[in-house]
Amino acid sequence: MARHRSVRCGDGPLPVCLQVNVDADPAKTGFSAMQLERELPELHALPHLAFVGLMTVGRLAQAPEQSRPTFVRLRALSERLRAGDPRLGPGLSMG
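Please read these numbers as outputs of a predicted model, since none were measured by experiment.

Cut-offs applied
Residues numbered from 1 in each chain as written. Predicted model: local features only at pLDDT ≥ 70, side-chain atom pairs only at ≥ 80, totals over all residues. Heavy atoms only, no water. Helix = DSSP H or I, 4+ residues; strand = E, 2+ residues; numbered from the N terminus. Buried < 20%, exposed > 50% of the residue type's maximum accessible area, 1.4 Å probe, protein only. Areas by Shrake-Rupley, 256 points an atom, 1.4 Å probe, with all protein chains shown as cover. Core = buried A, V, L, I, M, F, W, Y, C linked by side-chain atoms within 4.5 Å. Contact = heavy atoms within 4.5 Å. Expected span 1.5 Å × (residues − 1). Arc of directions from axis to C-beta.

Q: Help me understand the overall build of the protein chain in this model?
A: Tallying secondary structure elements over the protein chain gives three helices and three strands in all. Element order for the protein chain, N to C, with α for helix and β for strand: α-β-α-β-α-β. Within the protein chain, the fraction of its 95 residues that count as buried is 29%. Carbon and sulfur atoms provide 58% of the accessible area of the protein chain, an area that totals close to 6,100 Å².

Q: Can you walk me through the nonpolar core in this structure?
A: Across soluble globular proteins, nonpolar side chains have a tendency to be buried as a group. L18, L36 and L54 are the most contacted members of the largest nonpolar core, which totals 16 residues. Beyond its immediate chain neighbours, meaning those up to four positions away, L54 contacts C17, L18, V20, L36, L74, L77, S78, L81, L88, G91, L92 and S93.

Q: Just checking my understanding: could you explain helix α2 (residues 33-44) for this structure?
A: Because each turn of an α-helix spans 3.6 residues, side chains separated by three or four positions in sequence point in the same direction. For α2, with 12 residues, the first-to-last C-alpha span of 16 Å sits near the 16 Å given by 1.5 Å per residue. When α2 is considered as a whole, its buried residues turn out to be L36, L40, L43 and H44. With its buried residues spanning 80 degrees around the axis, α2 presents them on a single face. Facing away from the buried side of α2, by more than 90 degrees, are the exposed residues M34 and R38.

Spelled out as C-alpha cells, the structure:
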C-alpha cells in the first residue's frame, strides 16, 4: 500500500501516519510492532512519503484506564523507533 501511494502522490511528499495494531487485535489492521521495526528502513526509501508519526485504534473499553495500555505501548514504540531513526516524525494519533 505504501509503495502504491508513493508512486501516485505526485510532486511533494505526502504526510503519512503508520498504523500499528498494538494489541494484535485480529479485527484491526496495521503493522505489528516487530513488523514495523523491520520494514521502517524500506519505507523511508519511498521518495514521496513523509512519515509524520504513528497511529492506532484503541480497544473498546468501559473505562479509560482499560484503554491506556494500548496508547502507552504506542508511545513507547514511537520513542524507540525515533531513537534509532529520526526520520520518523513524533506525531501520535490515538483514537
